[in-house]
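Structure assessment
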Amino acid sequence: MENCLLKMRHIEKRFPGVLALNNVDFTLRKGEIHALMGENGAGKSTLIKILTGVYQMDAGEISIEDTAVSIRSPEDAQNKGISTVYQEITLCPNLTVAENMFIGRGNGGWVRHKEYEKRADEILKQLGIPARSSQQLGSCSLAVQQMVAIARAVDQKCKVLILDEPTSSLDDKEVNMLFDLMRDLKSKGVGIIFVTHFLEQVYEVSDRITVLRNGELVGEYLVEELPQVELVSKMIGKELDELSTLKECDEEDLSQREVFYEAKSLSSSDAEPFDFFIHKGEVNGFTGLLGSGRSESVRAIFGADKVTGGDVTIKGKHAKITRPIDAMKHGIGYLAEDRKRDGIIAELSVRENIMLALQVMNGFFRPISRSESEAFADEYIKVLNIKTASRETPVGSLSGGNQQKVILARWLLTHPDYLILDEPTRGIDVGTKLEIQKLVLKLAEEGVSVTFISSEVEEMLRTCSRLIVMRDRHIVGELKGKDLNQAQVMKTIAGGEA
Amino acid sequence: MKKNKRSFGGLGQLTIPVIALALLILFNLVRDLIFIYYLKVPNYVSFFSIELTKNNMENMVLAGNLISIINGASELAILAMGMTLVTAACGGQDISVGAAAAIAGSVFVKVLKSSSSITGVTVAIAFVCACIVAMLFSSFNGTLVAIFKIQPMIATLILYTCGRSIAYWINGGATPTVDSPLITAIGGFIPGIPVPTPVLIVIAVALLFKLIFKFTSLELFTQSVGINGSAARLNGINSTFIKLLSFIILGVCVAFSGSIGVSRLGLINHETLLIDIEMDTILAVAIGGNSLGGGKFKIGGSIIGAYVIQMLTITLYAMKVSSTDVKAYKAIVIILLVVIGSPVVKAKFEKLMSNIRRSGQSISMKGAQ
Amino acid sequence: MKMMKNMRKEPLNDTQLLMSITIGIFIVMYLAAIVFLGGGFLHAQQIFDMLNDNASLIIVSCALTIVMIGGGIDISVGAVTSLVVMSCVLYLNSGGNIIVSILLAIGIGLGFGLVHGFLISYLEIQPFIVTLAGMFFARGMTTILSVNPQKVDHEAFAKLRDMKIEIPFLGYTAKNGNFVPARMELGVVVALVCLIFIFVLLKYIRLGRNFYAMGGNQQSALMLGINVKRTRFLSYILSGLLSGISGYVFMMHTGAGNATNAAGMEMNAIASSIIGGTLLTGGVGNVIGTFFGTLTLTTIKKIVVSSGLNDPWWQSITTGGMLCFFIMLQSVVLGKRAKKKNS
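Treat the numbers as computed from the prediction; the structure is a model and nothing was measured.

Across its full length, chain B holds 15 helices and two strands. A compact globule built from 369 residues should have a C-alpha radius of gyration of about 21 Å, and chain B, at 23 Å, falls within 12% of that. If one aligns the C-alpha atoms of chain B with their principal axes, the spans along those axes are about 90 × 65 × 35 Å. Within chain B, the fraction of its 369 residues that count as buried is 52%.

Listed below in C-alpha cells is the structure:
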C-alpha cells in the first residue's frame, strides 16, 4: 500500500474489567477522509485517544509514513503531525483567539503577540471564520470557538487531522463551511479521520469507512460500496427493518383530547415570547436549526432559565412555573440536552441517580428509604434494560446510552404527566435510539404528553404527531397530518413561502 | 456505615484514615514493646494504658494517652463534621472556623458573665446565644458562597482576617475568666462519669448528624450539588439553600467547639482559642478520604481523620517533642499519608501487585504441571 | 457593542478590567487620604515607607499570583519566608559569608518549591494539603532552629542592610528645616526587579502564557499540547524561589530572625492577589494588579492608624471589610460580564 499515511496494527487497550480495544487495525491514506463509525462503547474514542497520546495502548503498533512511532502525550502527537479537534471545545476561554491558535506549539521561549495576531488574522480570514485574533476566546460563540480549534489544527500543517464529532454544535451553514475546509485539506494531502453520529454527513464527505463494534474491527469499506442501511446493520450487528415501521399511522384526532399544558407568550431570559400547548397523550416536537431557540423554549416551559413573562395553564388551571421544582410539582419532567452538564451526577450510583427527582419531589424531610430506592432502581434497570454492573455502580462509568436511560428512569419514576425530552438520542448508539423512540410512543399511549426534540428530523417524523418549527428564536410554523414529511419540514425550517 | 462497598480495599473511602490510624497504633505498640522488653525501662507507662484515677475534684476519671487523644480531638472532630458538609456542597473550605469559634466563645463568656449566677439555664442560654451568633457569621460566609458565588476559601478569608478582632471587641479586649463548677464539668468531667464531657458532646453531635441524614435528604442533595450543581438545579434541588444550610450547620459546630474550648480553660482568650484549628480541620477532612473539591463525602472518615491528627500530636508529645516543634514532624507524617493515599501512587502500587500476582500465578501453574 | 466598533482596540479582558478597578480605587483612596488626613500622605516618603515595609510581602504576593493564575494555591510562603530568615540569621551569626547566605535563602526556597511541585504535579495531591504541610514543616523547623529571637551580628550584612537608595528630588523639608531625601531600601529594588521579571514572564514568555492556559482550563491546556504537569511543577518552583528571595529581603529589612516572623503573611499575600484581581479559580490575574493590591492593603492600614484608630483590632477589621468590598465587587462585575455575553 503506497501513499499510506498512518497504520495502526493489532491495537489492544484494557481498562479495569473491560477490554476496550481488541486487535484493532486502522489505516489512513494520504488525502482521504476516513470515517470512523461505531456505536457508543465500540471503541472509537479509545482508539482516538490512543492516537492522540491521551491513553497508552497495551499492545500493538503505530506507524506514520512507514516509520514505527510511539505516542506518549498529546504534545508528542502534535509534534508527530497528529492534530485533533474534539467535540467539546478544548481551548482556553481566558486567552485570546490568537493565543489559542499558537499556544503549546513551536519552540523558543518568547511570545510575540503582534506576530501571532497578524498570522491568526490571516488564517481566520482565509477560512472565513468570524472572529478577531485579539478577542478573548470566551467572548466568542461556541461555534466560532470550534472553528478556531479547527483553524489551529489546520495551521499546524498536520498530516493527520482527527475531527471527533466536530459538527454536533454547528448549524448547517457552518457544517458546509467545515466540509469545504475538509475537502480543501484533503486535496492538500492531509489524512482526515472523521468521527460522527450523523450518517448523512459521512456519506456526504467521506471516502472510506472503518466500522468498530464492541472494541473489535468489523471492517473497512469504500463509501460507494456500503449502502447506508448496511452500514447501520454493521454498526449494531443486526438488521434493522423495524426502523422504518416504528410508528403505526393511527391518525386519531388528538385535538378532541384535553389540553394538558398551555402557555401564552411565555418568555425567559433566553427565549423570546412564544405560544405553546400540548394535549394529553400527544407527542409533539420542536424542530429547527441549532440556535433557533428550540431548546431555550422547552427550558422556559420547565423553568430552567429565568422565566420573564407569560401565562401558563395546566389542566385548565392557572399555574406559575419559575423554577424547575415548580414544573416538577405540576407533573412535568425534563431531560436536558447536555447529559454530562445537566443530567447525570457522575459520582453517585445508578440507584441514587434514579431516585433523585422523586426524592426532590418528596421533599427534603421525607427521604426515600434505602430498601425502597433499591427496589425502584432494580425495577427500572430491568424495564429500561440498563447495562450496569450493579445498582451501586457510579453512573459516570456507564456508556452514554445507558447514562441517558438512567436519566429517563429518573423521570419515569416520578410518573410525569408531561415529559420533555431534549435531544434524548444525541451521542448514543443506534440501538438505544430506537429503544428510546419506542418508549416515547409507549408513554404517549399511556396518556403521557411528550415533547421530543432531536436534531435528526427522521426521528421526529417517526415519533411526533405535530411539529413546531422554529427559526431565529421564533415559531415559524406548525406541521401536522399530511404536512409531516421531510420535504415540508426542511422547507419550513429554511423559510421562504410555507 | 452499613454495607461498606466492594471497592478498593473493602473500605472504600475510609481506606486512608483507617490505615493511618492502624499505622499510628502499630508504631506506638512497637515503641512500647521496645521500651518494655528490649530497653527494659523501669516504670515505663505504655502508650495504651488507661487508668481510673481521682482528679483534683475528687471524681473517679479515666486517664491515659488514649483518653487525652479522644478528649483533645473533640473540638476538631466536631468542626471536621461540619467542614465535611461545607466541603462536599461547595467544593471549598471554610478557613474562618477558628476565628468564628473565638467569636462564639467570646459570646458564650459574655452572656455567662452578664448573669448574676451561673446555673444550667444560663449556660443553656449562653450556648444558644453563641450558636445564634456563630450561625449568623457562617450565614454571612454562606451568603457570599451560595448567592454571590465566591470561592469558599476567598469568602471566608474575610472572617479569617477580622474574626479574632471581633472576638476581642465583644469582651472589650479583656480575657475574662468564668469560674463555675458547671463550666469545669463541661470542659472536664461530670461528677460520677469517668468519660470526659467533650467526648460525650462529640458523640451527641455525631448522633445528631446521623439523625439529620436519616430524617432528611441532606446527604443525597449535598452530594448532588457538590458533584454537579447544574444538574442538581434542573432536578429541582435548591442548591443555594443546600450550600447555605451546610454553612449554617457548620456554624452550629463552631458554637459547640468554641464553647467546649472556653469551658476547658475556664476563660476566653480571643488570640489563642482554637488557633490554627482551621488547617487541622481541613486536614481531617482530607485524611478522611473526602475530596476537597466537593462531591461524595463520609462524615465518619473526617471524624477518624480528626483522631488521627490528635493521635499523631500526642504520639509526638510522648516522644518528648516540644509543642512548638510538633508541627514539623506532623508535616512529614501528613505528607507520607497523602503520598500513600495519592491516586498515582495507588495505581502504581496496584499495578505492581497485579504483576507480582501474575508472576506468582505463572510459577504456581508451572509447579502444577 | 457600539463601543467596540469605534474602538480599534479590544475591550478589556477580565484581567485588565479587575486590575483597572483596583488601580482606580487605590488612587481614589490615596487622594482621599491626602485630602482628609493630609500631612504624611503628601510626602513621597510615605509611599517609600510602604514599599520598604512590604517589599517581601510584594514578592510573596507575586509568587501567589503565579500559582493562583495556574489554578493552584500555596499557603506555605509566609512560613518559608520565616524559615529562610531564621536560617540565614543563624548562618550569618556563625560567621558565614554573604554570598553563601543568599544562596542558602534561594536554596531553601527552591527546595520547598521542588517538593511541593513534585507532590502536586506528579503525585496529583491537592495543593492545599501539600502546601499546608509545607507551612507546618517550615514553621516547625523555624522553632527547632531557635525559639528565641536572633539578631544578626555580621559586619558585611549590616552594610547591606543599611544600604539605602536616596532619591533627593522626592524628598521633603522637615519641620526643623532639614532636607530629608526620600529613602528606599535595597529590598524594594529586589522586589521591583522580581515584579518586572514576573510581569515579563507572564506576558511575553511561553511559560507564563502556559500558566494562564493551565488555569483557564487544565484539560484544554493538555489537549493544546502543553505539558501541564511540568508547567504546574514550574509554577511551584517559582513560588518557592520567590519565597526564598522574600525571606532574604525580610531579613534585610528587620535584621533579625524570630519564630513569629511573617506570621499570617500567606493570608496577606492571598488578600493582595485577590484585591489585585487574581481569581482563585485560575486563569485571571496580573502582577501589576497584585502590586497595587499590596499597596491598597497597606494604605488602608496606614489610613486607619492615621485616623487615630490605634487599636490593632481596627486594622484587621478594616482589612476584612476592604477584602469583603473587593470580593463582592469582583463577583458583581464578573457576573454582569457573564450575563452580557450570554444575551
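For an α-helix the count is 3.6 residues per turn, leaving residues at separations of three or four pointing the same way. All names here are of chain B. The end-to-end C-alpha distance of helix 3 (residues 74-90) is 24 Å, a good match for the 24 Å that 17 residues give at a rise of 1.5 Å each. Most of helix 3 sits out of view: 17 of its 17 residues are buried. Remark: Gly 91 follows helix 3 within two positions and exhibits a positive phi of approximately 70 degrees.

Now for the environment of Thr 432 of chain A. Residue and element names in this part refer to chain A. Relative to the elements of secondary structure, Thr 432 occurs in helix 15 (residues 430-445). On the accessibility criterion, Thr 432 (6% relative accessible area) is buried. Discounting residues that sit within four places of it in the chain, Thr 432 has contacts with Gly 401 and Lys 405.

Turning our attention to the confidence of the model for chain B. Atomic detail in the predicted coordinates should be set aside for any region of low pLDDT. All names here are of chain B. For chain B, the mean per-residue pLDDT works out to 87, and 95% of the residues sit at or above 70. No element of chain B has a lower mean pLDDT than helix 15 (residues 343-368), at 76, and none a higher one than helix 3, at 96. Across residues 1-10 the pLDDT falls below 50, and counting only partners more than four positions away or on other chains, this stretch makes 16 contacts in the model. In the model output, the complex is listed with pTM 0.82 alongside ipTM 0.83.

A separate point is the sheet that holds strand 9 (residues 208-213) of chain A. Residues and elements named next belong to chain A. Taken in spatial order, the six strands line up as 6-7-8-3-9-10 in an open sheet, and their pairing is mixed. A strand with exactly one partner marks an edge of an open sheet, and here the two such strands are strand 6 (82-85) and strand 10 (216-222). With direction set aside, neighbouring strand axes in the sheet form an average angle of 20 degrees. Where strand 9 lies against strand 10, six bridges are found, and the strand directions are antiparallel. Across the sheet, the residue bridging to Arg 208 is Leu 222, located in strand 10. Contacting strand 3 (33-37), strand 7 (160-164) and strand 8 (191-195), helix 6 (residues 172-187) crosses the sheet at an angle of about 150 degrees to strand 8.

Attention now goes to the state of the cysteines. Throughout the structure, instances matching the rule amount to zero disulfides over all chains. Cys 131 of chain B forms no disulfide, and the closest cysteine sulfur to it belongs to Cys 253 of chain B, at a distance of 9.1 Å.

Another point: the pairing of strand 12 (residues 274-279) of chain A. Two faces, one strand: in a regular strand the side chains alternate between the faces of the sheet. Residues and elements named next belong to chain A. Bridging between strand 11 (residues 259-268) and strand 12 involves five bridges; their strand directions are antiparallel. Residue pairing across strands places Ala 263 opposite Phe 276, the latter belonging to strand 12. Linking two consecutive strands that pair antiparallel, namely strand 11 and strand 12, is a turn of five residues.

A word on the pattern of salt bridges. All names here are of chain A. Enumeration according to the criterion identifies 41 salt bridges over all chains in this entry. Notably, a salt bridge pairs Arg 294 with Glu 423, separated by 3.0 Å at the nearest N-O pair. Here Glu 423 lies in the loop between strand 17 (418-422) and helix 15 and Arg 294 lies in helix 9 (residues 294-302), a separation of 129 residues in the sequence. An identical accessibility class is assigned to Arg 294 and Glu 423; each is buried. The network of salt bridges with common partners includes Arg 351, Arg 370, Glu 374, Asp 378, Arg 391 and Glu 392.

With that out of the way, let us pick up the packing of aromatic side chains. All told, the structure shown has 25 aromatic pairs over all chains when counted by the stated rule. Here Phe 213 of chain B and Phe 297 of chain B contribute two aromatic rings whose centre-to-centre distance is 5.9 Å and whose plane-to-plane angle is 50 degrees, an arrangement assigned as tilted. Here Phe 213 of chain B is found in helix 8 (residues 197-215), whereas its partner Phe 297 of chain B is found in the loop between helix 12 (277-287) and helix 13 (299-318), with 84 residues between them in sequence. There is no split in this pair, since Phe 213 of chain B and Phe 297 of chain B are both buried. Put simply, the rings of Phe 260, Tyr 261, Phe 274, Phe 276, Phe 286 and Tyr 418 of chain A touch in pairs and so form one group of aromatic residues. Sitting over the face of the ring of Phe 277 of chain A, Arg 466 of chain A holds its NZ or CZ atom 4.2 Å from the ring centroid. Its guanidinium or amino end placed over the ring of Tyr 212 of chain C, Arg 209 of chain C lies 4.7 Å from that ring's centre, counting from NZ or CZ.

Time to look at the environment of Asn 258 of chain C. Residues and elements named next belong to chain C. Positionally, Asn 258 belongs in the loop between strand 4 (256-257) and helix 12 (265-275). You can call Asn 258 partly exposed: its relative accessible area is 26%. Remark: the alpha-carbon pair of Asn 258 and Ile 23, spanning 235 residues in sequence, is separated by 34 Å. If sequence neighbours within four positions are ignored, Asn 258 has contacts with Ser 82, Met 86 and Pro 149.

With that settled, the discussion passes to the interface of chain C and chain A. Taken together, the contact pairs 27 residues of chain C with 33 residues of chain A. Carbon and sulfur atoms make up 54% of the area that chain C and chain A hide from each other, which totals about 2400 Å². Between chain C and chain A we count one salt bridge in total. Here Arg 209 of chain C ties to Glu 99 of chain A by a salt bridge, and the two come within 2.3 Å at their closest N and O atoms. Inspection of the region where chain C meets chain A yields nine residue pairs in polar contact (both at pLDDT 80 or more). Looking at the side of chain C that touches chain A, the elements with two or more residues in it are helix 8 (186-204), helix 9 (206-216), helix 10 (218-223) and helix 14 (312-342) of chain C. When residues of the side of chain C that touches chain A are assigned to their parent elements, the largest contribution, six residues, is made by helix 9 of chain C. Across the side of chain C that touches chain A, the residue classes break down as 11 nonpolar, eight polar and eight charged.

Turning our eyes to something else, we now look at unusual backbone geometry. Even without glycine at this site, Glu 165 of chain A takes up a positive phi of about 50 degrees. Within the secondary structure, Glu 165 of chain A is located in the loop between strand 7 and helix 6. Positive phi outside glycine occurs at Lys 40 of chain B, with the angle close to 50 degrees. Summarising the element assignment, Lys 40 of chain B is placed in the loop between helix 1 (15-38) and strand 1 (51-54).

The next thing to look at is the pairing of strand 3 (residues 179-185) of chain C. Residues and elements named next belong to chain C. In terms of strand pairing, strand 2 (residues 164-173) meets strand 3 through six bridges, oriented antiparallel. Looking at the pairing, Tyr 172 lines up with Val 180 of strand 3. Linking strand 2 to strand 3, which pair antiparallel, is a turn of five residues; within it Gly 177 sits at a positive phi near 90 degrees.

The next point concerns the packing of helix 14 (residues 326-341) of chain B against helix 6 (residues 127-145) of chain C. For the pair helix 14 of chain B and helix 6 of chain C, the least separation of the axes is 6 Å and the interaxial angle reads 155 degrees. Taken together, the axes of helix 14 of chain B and helix 6 of chain C are roughly antiparallel relative to one another. For the pair helix 14 of chain B and helix 6 of chain C, the sense of crossing is left-handed. Residues Lys 327, Ala 328, Tyr 329, Lys 330, Ala 331, Ile 332, Ile 334, Ile 335 and Val 338 of chain B of helix 14 of chain B form the contact with helix 6 of chain C, whose own contacting residues are Ile 129, Val 130, Ala 133, Phe 136, Phe 137, Arg 139, Gly 140, Met 141 and Ile 144 of chain C. Looking at the contact of helix 14 of chain B with helix 6 of chain C, its residues break down into 14 nonpolar, one polar and three charged.

Calculation rules
- Residues numbered from 1 in each chain as written.
- Chains lettered and ligands numbered in written order.
- Predicted model: local features only at pLDDT ≥ 70, side-chain atom pairs only at ≥ 80, totals over all residues.
- Heavy atoms only, no water.
- Helix = DSSP H or I, 4+ residues; strand = E, 2+ residues; numbered from the N terminus.
- Rg over C-alpha atoms; globule rule 2.2 N^0.38 Å.
- Buried < 20%, exposed > 50% of the residue type's maximum accessible area, 1.4 Å probe, protein only.
- Expected span 1.5 Å × (residues − 1).
- Contact = heavy atoms within 4.5 Å.
- pLDDT = per-residue confidence, 0-100.
- Pairing = 2+ DSSP bridges.
- Axes fitted to C-alpha atoms, helices over the stretch in contact; angles between N-to-C directions.
- Disulfide = S-S within 2.5 Å.
- Salt bridge = Lys/Arg side-chain N within 4 Å of Asp/Glu carboxyl O.
- Phe/Tyr/Trp six-rings, centres within 6.5 Å; stacked < 30°, edge-to-face > 60°.
- Lys NZ or Arg CZ within 6 Å of the ring centre and 35° of its normal.
- Buried area = accessible area lost by both parts, 1.4 Å probe.
- Polar contact = N/O pair within 3.5 Å; in protein donor to acceptor, adjacent residues only side chain to side chain.
- Nonpolar A, V, L, I, M, F, W, Y, C, P; charged D, E, K, R; others polar.
- Parallel < 35°, antiparallel > 145°, perpendicular 65-115°, else oblique.
- Left-handed = near helix turned anticlockwise from the far one by under 90°.

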